[in-house]
Amino acid sequence: MKTMTEPNDTVKKFTSLFEEHKEEIFASEPGYLSDMRQESIRNFERLGFPKKKDENYKYVHLEPFFNGSLESRFAPRNLEFDVQEIFRCDIPTLDTYVLLLLNGFYYSTSGEKLVRQDNGIIFGSLREAIAQEPDLVEKYLGKYADSVNDPFVALNTAVAQDGIFLYIPEKQELDKPIQIINLLLSDDNEMVQHRNLFITEKSSKAEVIICDHTLSEHLFLTNSVSEMAVMENASLDVVRMQNEHNQSVQITNSWIEQQKNSNARHSTITLHGGRVRNNLNVKLKGENAYCDANGLFLIDKQQHVDNYTIIEHQKPNCVSNQHYKGVLDDAATGAFAGKIHVFREAQKTEAYQTNNNVLLTRDAKMRTKPQLEIYADDVKCSHGATVGQIDENALFYLQTRGIPREEARLMLMYAFADDVISGIREEALKKRVADLVSRRLRGELARCDNCAVNCYD
Amino acid sequence: MLHIKNLRVSVEGKEILKGIDLDVNPGEVHAIMGPNGSGKSTLASALAGNETFEITEGEVTYMGKDLLDLSPEDRAREGVFLGFQYPVEIPGVSMVNFLRTAINEHKKYREEEPLSAGEFLKLMREKKSLVEIDSDLTSRSVNEGFSGGEKKKNEIFQMALLNPRLSILDETDSGLDIDALRIVANGVNKLKTKDNATVVITHYQRLLDYIIPDYVHVLYKGRIVKSGDRSLAVQLEEKGYDWLKQETGTEA
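First, a word on scope: everything that follows refers to the structure included in this document. Note that the coordinates shown come from a computational prediction; the quantities given were computed from them, not determined experimentally.

### Description of the overall build of chain B
Line of reasoning, step 1. Scanning chain B for helices and strands turns up seven helices and 12 strands.
Line of reasoning, step 2. Against the compact-globule benchmark of 18 Å for 252 residues, chain B has a radius of gyration of 18 Å, which places it among compact chains.
Line of reasoning, step 3. On the principal axes, the C-alpha backbone points of chain B span a range of 60 × 40 × 35 Å.
Line of reasoning, step 4. Looking at chain B as a whole, 54% of its 252 residues are labelled buried.
Line of reasoning, step 5. Within chain B, contacts between residues separated by at least 24 positions form 68% of all contacts whose residues are at least 6 apart in sequence.
Line of reasoning, step 6. Surface summary for chain B: the accessible area is close to 11,300 Å², and the carbon and sulfur share equals 45%.
Line of reasoning, step 7. Mean positive and mean negative side-chain charge positions of chain B (32 and 41 charges, respectively) differ by 3 Å.

### Regarding the overall build of chain A
Line of reasoning, step 1. Along chain A, the regular secondary structure elements total 11 helices and 22 strands.
Line of reasoning, step 2. For a compact globule of 457 residues, the expected C-alpha radius of gyration is about 23 Å, and chain A comes in at 21 Å, within 12% of that figure.
Line of reasoning, step 3. Across the 457 residues of chain A, 60% fall into the buried class.
Line of reasoning, step 4. Surface exposure of chain A reaches about 18,100 Å², of which carbon and sulfur atoms provide 44%.
Line of reasoning, step 5. One finds the centroid of the 53 positive side-chain charges in chain A at a distance of 5 Å from the centroid of its 68 negative side-chain charges.

### Here's the deal with the interface of chain A and chain B
Accessible area lost when the parts come together is the quantity often used to give the size of an interface.
Line of reasoning, step 1. Contacts between chain A and chain B engage 18 residues on the former and 29 residues on the latter.
Line of reasoning, step 2. Across the chain A to chain B interface the summed buried area is about 1,800 Å²; carbon plus sulfur atoms make up 69%.
Line of reasoning, step 3. Where chain A touches chain B, the interface holds one salt bridge.
Line of reasoning, step 4. A salt bridge links B:Glu155 to A:Arg401; the nearest nitrogen and oxygen atoms lie 2.7 Å apart.

### Brief notes about the packing of helix α3 (residues 95-109) of chain B against helix α4 (residues 117-130) of chain B
Residues and elements named next belong to chain B.
Line of reasoning, step 1. Two elements in contact, α3 and α4, have axes separated by 11 Å at closest approach and are oriented at 105 degrees. In terms of axis orientation, α3 runs roughly perpendicular to α4. Taken together, the residues of α4 that come into contact with α3 (itself represented by Val96, Leu99, Arg100 and Ile103) are Ala117, Phe120, Leu123 and Met124.
Line of reasoning, step 2. In the contact of α3 with α4, the residues fall into seven nonpolar, no polar and one charged.

### So, unusual backbone geometry
Line of reasoning, step 1. The phi dihedral of A:Ser28 is positive, around 50 degrees, even though this residue is not glycine.
Line of reasoning, step 2. Among the structural elements, A:Ser28 can be located in the loop between α2 (22-26) and α3 (31-47).
Line of reasoning, step 3. If you check the backbone angles, B:Lys221 has positive phi at about 50 degrees while not being a glycine.
Line of reasoning, step 4. Mapping B:Lys221 onto the fold places it in the loop between β11 (215-220) and β12 (223-228).
Line of reasoning, step 5. Since its relative accessible area comes to 36%, B:Lys221 is described here as partly exposed.

### Here's the deal with the environment of A:Ala408
Residues and elements named next belong to chain A.
Line of reasoning, step 1. You can see Ala408 is positioned in helix α10 (residues 405-421).
Line of reasoning, step 2. The spatial distance from the C-alpha of Ala408 to the C-alpha of Ala394 is 8.6 Å, given a sequence separation of 14 residues.
Line of reasoning, step 3. Not counting chain neighbours up to four residues away, the residues in contact with Ala408 comprise Leu395, Leu398 and Ile403.

### Notes on the sheet that holds β12(B)
Strands belonging to one sheet form pairs held by backbone hydrogen bonds; the direction of such a pair is parallel or antiparallel.
All names here are of chain B.
Line of reasoning, step 1. The strand order across the open sheet built from six strands is β6-β9-β10-β3-β11-β12, with neighbouring strands paired in mixed fashion. The strands lining the two open edges of the sheet, one partner per strand, are β6 (80-83) and β12. Within this sheet the neighbouring strands show an average axis-to-axis angle of 20 degrees, counted without direction.
Line of reasoning, step 2. Across the sheet, helix α1 (residues 40-48) touches β3 (29-33), β6, β9 (166-170), β10 (197-202) and β11, and the angle it forms with β9 is around 145 degrees.

### So, the pairing of strand β7 (residues 178-184) of chain A
All names here are of chain A.
Line of reasoning, step 1. Burial of β7 is extensive: seven of the seven residues sit out of reach of the surface.
Line of reasoning, step 2. Residues Ile178, Ile180, Asn182 and Leu184 point to one face of β7 and Gln179, Ile181 and Leu183 to the other, with burial holding for every one of them.
Line of reasoning, step 3. In this sheet, β7 lies alongside strand β2 (residues 97-102) in parallel orientation, the contact comprising six bridges. By the bridge assignment for β7, Leu99 is matched with Ile180.
Line of reasoning, step 4. Bridge count between β7 and strand β10 (residues 205-214): seven bridges; the pairing is parallel. Paired with Gln179 across the two strands is Ile209, which belongs to β10.

### A short note on the pattern of salt bridges
Line of reasoning, step 1. Evaluation of the coordinates by the stated rule reveals 37 salt bridges over all chains.
Line of reasoning, step 2. A:Glu227 serves as the salt-bridge partner of A:Arg195, at 3.0 Å between the closest nitrogen and oxygen. In this pair, A:Arg195 sits in strand β9 (residues 195-200) while A:Glu227 sits in strand β11 (residues 220-230), placing the two residues 32 residues apart along the sequence. Side by side, A:Arg195 and A:Glu227 carry an identical accessibility label, which is buried.
Line of reasoning, step 3. We note a salt bridge from B:Arg110 to B:Glu112, for which the minimum N-O separation is 3.1 Å.
Line of reasoning, step 4. Note on B:Glu112: relative accessible area 35%, which makes it partly exposed.

### Here's the deal with α4(B)
Residue and element names in this part refer to chain B.
Line of reasoning, step 1. When the terminal C-alpha atoms of α4 are compared, their 21 Å separation across 14 residues agrees well with the 20 Å that a helix rising 1.5 Å per residue should span.
Line of reasoning, step 2. All of the buried residues in α4 are Phe120, Leu123, Met124, Lys128 and Leu130. Down the axis of α4, the buried set is contained in an arc of 135 degrees. They therefore lie on one face. Exposed and oriented more than 90 degrees from the buried face of α4 are Lys122, Arg125 and Ser129.
Line of reasoning, step 3. In this fold, the buried residues of α4 make contact with α3, α5 (148-162) and α6 (178-191).

### Looking at the sheet that holds strand β2 (residues 14-24) of chain B
Residue and element names in this part refer to chain B.
Line of reasoning, step 1. Read across the sheet, four strands follow the order β2-β1-β4-β5 without closing on themselves; strand pairing throughout is antiparallel. Since the sheet does not close on itself, it has two edges, and those belong to β2 and β5 (65-66), each with one partner.
Line of reasoning, step 2. As paired strands, strand β4 (residues 53-62) and β5 are joined by two bridges and run antiparallel to one another. Within the sheet, the bridge partner assigned to Thr61 lies in β5 and is Asp66.
Line of reasoning, step 3. Relative to the sheet, α1 contacts β1 (2-11), β2 and β4, its axis offset from that of β1 by approximately 110 degrees.

### Some thoughts on the packing of aromatic side chains
Line of reasoning, step 1. All chains considered together, the criterion is met by 14 aromatic pairs over all chains.
Line of reasoning, step 2. Consider the rings of A:Tyr324 and A:Phe336, whose centres lie 5.0 Å apart with planes at 35 degrees: the pair is tilted. Here the residue A:Tyr324 occupies a position in strand β18 (residues 319-328), and A:Phe336 occupies one in strand β19 (residues 333-342), the gap between them amounting to 12 residues.
Line of reasoning, step 3. For A:Tyr324, a relative accessible area of 3% gives the class buried.
Line of reasoning, step 4. Classification of A:Phe336 as buried rests on a relative accessible area of 3%.
Line of reasoning, step 5. Consider the rings of A:Tyr397 and B:Phe98, whose centres lie 6.0 Å apart with planes at 20 degrees: the pair is stacked. One end of the pair, A:Tyr397, is in helix α9 (residues 392-399); the other, B:Phe98, is in helix α3, on a second chain. Comparing A:Tyr397 with B:Phe98 shows no difference in burial state: the two are buried.
Line of reasoning, step 6. An aromatic cluster of at least three residues, connected via ring pairs, comprises A:Phe14, A:Phe44, A:Phe49, A:Tyr57, A:Phe66 and A:Phe152.
Line of reasoning, step 7. In this structure, A:Arg401 is placed above the aromatic ring of A:Tyr397, and the distance from its NZ or CZ to the ring centre is 4.8 Å.

What counts, and at which threshold
All residue numbers refer to positions counted from 1 along the written sequence of the respective chain. As a convention, the first chain written is A and the first ligand written is 1, with the rest following in written order. Under the rules for a predicted model, residues below a pLDDT of 70 receive no local features and side-chain atom pairs below 80 are neither given nor counted, while totals for whole chains, interfaces and linings still include all residues. Computation of side-chain values covers all heavy atoms of the structure but excludes hydrogens and water. Numbering of helices and strands starts at the N terminus; helices are DSSP runs of H or I of at least 4 residues and strands are runs of E of at least 2. Between the two quantities, the radius of gyration covers C-alpha atoms and the globule rule is 2.2 Å times the number of residues to the power 0.38. Type-normalised accessible area, obtained with a 1.4 Å probe on protein chains alone, sets the label of each residue: buried when under 20%, exposed when over 50%, and partly exposed for intermediate values. The contact definition used throughout considers only heavy atoms, calling two residues in contact when any of these lie within 4.5 Å. A 1.4 Å probe and the Shrake-Rupley method give the accessible areas. Residues count as covered only by the protein chains that appear here. As used throughout, the charge tally considers Lys and Arg to be positive and Asp and Glu to be negative, leaving His and the chain termini uncounted. In this description, the location of a charge corresponds to atom NZ of lysine, CZ of arginine, CG of aspartate or CD of glutamate. Summed over both partners, the accessible area lost on bringing two parts together, with a 1.4 Å probe, is the buried area. Any Lys or Arg side-chain nitrogen located within 4 Å of an Asp or Glu carboxyl oxygen qualifies as a salt bridge. Fitting a line to C-alpha atoms yields each axis, with helices limited to the stretch in contact; the angle taken between N-to-C directions then spans 0 to 180 degrees. Roughly parallel means an angle under 35 degrees; roughly antiparallel means over 145; roughly perpendicular covers 65 to 115; every other angle is labelled oblique. As a working rule, the residues Ala, Val, Leu, Ile, Met, Phe, Trp, Tyr, Cys and Pro are called nonpolar, Asp, Glu, Lys and Arg charged, and the rest polar, with Gly in that last group. At least two bridges found by DSSP between two strands is the condition for calling them paired. By definition here, a helix of n residues has an expected span of 1.5 Å times n minus one. Throughout, the arc means the angular range of directions from the helix axis out to the C-beta atoms. Side-chain rings of Phe, Tyr and Trp (the six-membered ring for Trp) are treated as a pair once their centres are within 6.5 Å; stacked means planes under 30 degrees apart, edge-to-face means over 60, and tilted covers the remaining angles. Two conditions define a charge located above a ring, namely a distance within 6 Å from the ring centre to NZ of Lys or CZ of Arg, and an angle within 35 degrees of the ring normal.

Structure, rendered in structure tokens:
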């Protein structure tokens, strides 16, 4: 027996948007992609948005945000903005290859949309890569993110037009990190759905920094998908810095697939945001793969950050470490749900998870839920979650050394955040993140006005 | 320097100190002894400004100021130092960052220029030798994973760096082996000047073989029941606290 629920109005809004703009969406793209889109929109229609009773979306109800009046665009617009402006912001002073996405579309300052290095490394616009490197992209695009069972991935797959493509061939290594700056800037409320695809082939190595910024005070809804393949012996580091204003809603969907002896490290640092939902899905598909998944958020006012992770240990002898931390002030709310799934075959798995949170007020709320599904019998797995306050004894100790209470509080909050920061391998980035976190804790980050942070209270 | 008059302190509604009178002058070393639970640590914590301890009566003047009116950090910056019985471990806060912040907060309070990195390192090196503290310890988080002896040495090291006028050392000898005890006591003695004062709180007479007190006070059930010179400590060691209980007519 097959039951089909009638798609609701919000779902219909997007399915009809898809139908209306089909021509624009499919324009000059290869057939496989259009087929994938058709299938995905049908999946989305079938799945609908997660309901309140959906265990995985219990603490953040996202559908209402999709209901608002939002512009969806399927081609880049010519927006007036000064690229130099964003370089006033702090993170771009790192020595990196800077790639800009403006409202989800690749923005080139030089006109070049796809960079090819002599060693075969390719990076730049995904839209451009689809056109210029059809076979390469077809081999990987849509192969890692699940658009059959995940409505947000399905919706993104159906309409995403651009994003960042990164390809590292066998045995090659990036000489400096790729830095993707996602800029949101508009003259109306806008929905942005971009798609990233990072491929690190056998024994290759790459570091990627993603910075999310809002530049205007409009309501932005982002639903982005990043697919990441880490092949045998390859190593991929991704650090995401989220710094969007209080009116923004951001859903990130990160899908990592790891082969034998590969190493992946994924860190999500949420400095600011209105509502943030980060989905991280890691599949360890080869033996001896290693994965670190870290997260840190610092939120206040009415902000909400929801981190959701699934680590699948499919093969034996893999190691995963999850370490998520949160500092919640005012009436901020947060949630963490972390699932470790150890397949029957995956003996000698080591999977660890910790989630520690500090509530600075009585109104702040944190919900945390570890979830272990273990089908192998020879494994080491652990999980631990804490929700607590700043240690009064430590505060007093610092005060008795002449350190003012407020300063002592900051030192302790910073110390709490520190082990996630020290997990960042790239030294310059680690220092930069440390500085940003400390300024965020001091409430000084609001002065970085081109980030439009704190423009709404 | 320090004048305590009829100090009464309660913790969660239970009165621990029942009227303490004590005067400490520059250049003096006072020892406060007493059996467990007599209120020694409560006195130390209350003087340092721990809010868990509620002052219900009495006054404390320090250098002519109402000490009880000052925040813990201001007490520290006015020159009061508390050596903790149980120094707190603070993971993630490096010793260097902690010490430098503390010293520069003292400087700021006195409207002096903060120490440069070089000056600070020089000061650290200088004071490190005083307490024979392992260089490695200063590169770690505050007290994290330190042994009992290292924690106590670290307290004296901080005392040396902050150069207080009045040091209150709460059971600094507890948990120390004889070598560490000697080092800690040596540190305290070397820091002694005619202008500063030390209040040593201890359960055992042992420490007082190394730090020679000018006065010894016995605290029992929240009151100072006997004061004397160094010989009082020796007497206590010989006869035990039971002797005192009979002597002062309080029930055992």
